[in-house]
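Chains, contacts and geometry: an overview
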Amino acid sequence: MSEQDRPTLVLVGPPGSGKSTVGKVLGRRLGVGFTDVDAEIETRIGKTVADMFLQDGEGAFRALEREVVAELLSRDCGVLALGGGSVLAEATRVKLRGHRVVSLTVGLADGLRRTGMSTARPLLAGVNPRATFRALLDARAPLYREVATVEVDTVRRSANQVAAAVLAALGEGPDELPPAAADAVDPDDRPTPHEDSPLPDPVLGRPQG
């Protein structure tokens with residue numbers, strides 16, 4: 001596979017790690033597009049991921065997810081953000097070999113606050129989302145590390161700072177991260193000062209996971 005037939009880089013990580021938010025920033029900085037696997041799936045099936053979980057079951061979703069991920073990994077789609085559970089499939093982990101894969105990490109409290117324990121996150125919509133999220137982190141963390149080229153922490157960093165850290169880790173940016181201005185107009189410059197503050201959306205300025 002040539003460099004033209006693969007994403008510029010791939011983002012993995014649990015819900016709330018900011019893959020979509022940071023992915024859009026990275027796409028702008030690298031001058032490439034941004035593709036989100038969950039959004040691509042929703043476009044194809046004409047309904048939300050949550051609805052597919054409810055109506056068709058997780059098995060059907062995971063099968064489609066594997067198919068979509070395999071397709072996107074074989075073409076130039078800019079910065080590619082995988083769904084949080086994509087790495088559960090061994091076939092997907094094998095296909096990620098040879099790609100530049102960035103694992104974005106997040107703690108339990110931050111992850112829960114950023115996702116808002118929303119029903120839009122099917123696996124977190126149960127009776128005890130805290131316990132569910134902890135189990136999810138414990139189960140998936142080794143898989144994220146297995147596929148990652150580099151690992152970047154998102155806690156107490158703005159979207160711009162996380163993007164800068166990613167580029168620095170990949171050898172494509174400055175070693176020092178730019179400080180976030182307290183009164184910045186750009187929402188991507190607003191840091192995550194404590195665990196109940198979500199990353200802002202780079203386009204709309206709304207909190208996103």
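Predicted model, so just to flag it, every value in this text is computed and none were measured.

Now for the confidence of the model for the chain. Per-residue confidence for the chain gives a mean pLDDT of 81; residues scoring 70 or more make up 71%. When pLDDT is averaged over each helix and strand of the chain, the minimum, 40, is found for strand β7 (residues 207–208) and the maximum, 98, for strand β3 (residues 79–81). Taken as a whole, residues 175–184 scores under 50 in pLDDT and shows 14 contacts with residues more than four places along the chain or in a different chain. Counting contacts from residues 193–209, a segment whose pLDDT is below 50, to residues more than four positions away or on other chains yields 52 contacts.

It is worth spelling out the side chain of S86 at this point. Mapped onto the elements, S86 comes out in the loop between β3 and α5 (90–95). Apart from the residues lying within four places of it in its own chain, the contact partners of S86 are R62, E65, V69 and T92.

Okay, the packing of helix α2 (residues 37–45) against helix α4 (residues 58–73) next. Their axes nearest at 10 Å, the elements α2 and α4 cross at an angle of 110 degrees. If you check the angle between α2 and α4, you find them roughly perpendicular. For the pair α2 and α4, the crossing hand works out as right-handed. Across the interface between the two elements, V37, D38, E40, I41, R44 and I45 from α2 touch F61, L64, E65, V68, V69, E71 and L72 from α4. Residue composition of the contact of α2 with α4, by class: eight nonpolar, no polar and five charged.

So, about the nonpolar core. By size, the foremost hydrophobic cluster in this structure holds 22 residues, and its most contacted members are V10, V12, V37, L80, L82 and L96. At the level of secondary structure, the elements contributing two or more residues to this core comprise β1 (9–12), α2, α3 (49–56), α4 and α7 (129–147). Considering each element in turn, this core owes the most residues, six residues, to α4. Among all residues touching L82, those that are not within four sequence positions of it are V10, L11, V12, K19, V37, V69, T92 and L96. L104, V150, V152 and V166 belong to the second largest nonpolar core, which has 17 residues in total.

This brings us to unusual backbone geometry. Residue R156 is not a glycine yet carries a positive backbone phi of 60 degrees. Relative to the helices and strands, R156 is located in the loop between β5 (150–153) and α8 (159–169).

Attention now goes to α7. When the terminal C-alpha atoms of α7 are compared, their 26 Å separation across 19 residues agrees well with the 27 Å that a helix rising 1.5 Å per residue should span. Along α7, the sharpest change in direction is near 40 degrees and occurs at R140; proline P142 comes one to four residues later. Looking at α7, one finds that the buried residues are P129, F133, L136, L137, R140, L143, Y144 and V147.

Calculation notes
Residues numbered from 1 in each chain as written. Predicted model: local features only at pLDDT ≥ 70, side-chain atom pairs only at ≥ 80, totals over all residues. Heavy atoms only, no water. pLDDT = per-residue confidence, 0-100. Helix = DSSP H or I, 4+ residues; strand = E, 2+ residues; numbered from the N terminus. Contact = heavy atoms within 4.5 Å. Axes fitted to C-alpha atoms, helices over the stretch in contact; angles between N-to-C directions. Parallel < 35°, antiparallel > 145°, perpendicular 65-115°, else oblique. Left-handed = near helix turned anticlockwise from the far one by under 90°. Nonpolar A, V, L, I, M, F, W, Y, C, P; charged D, E, K, R; others polar. Core = buried A, V, L, I, M, F, W, Y, C linked by side-chain atoms within 4.5 Å. Buried < 20%, exposed > 50% of the residue type's maximum accessible area, 1.4 Å probe, protein only. Expected span 1.5 Å × (residues − 1). Bend = angle between axes of the 7 residues up to and from the residue.

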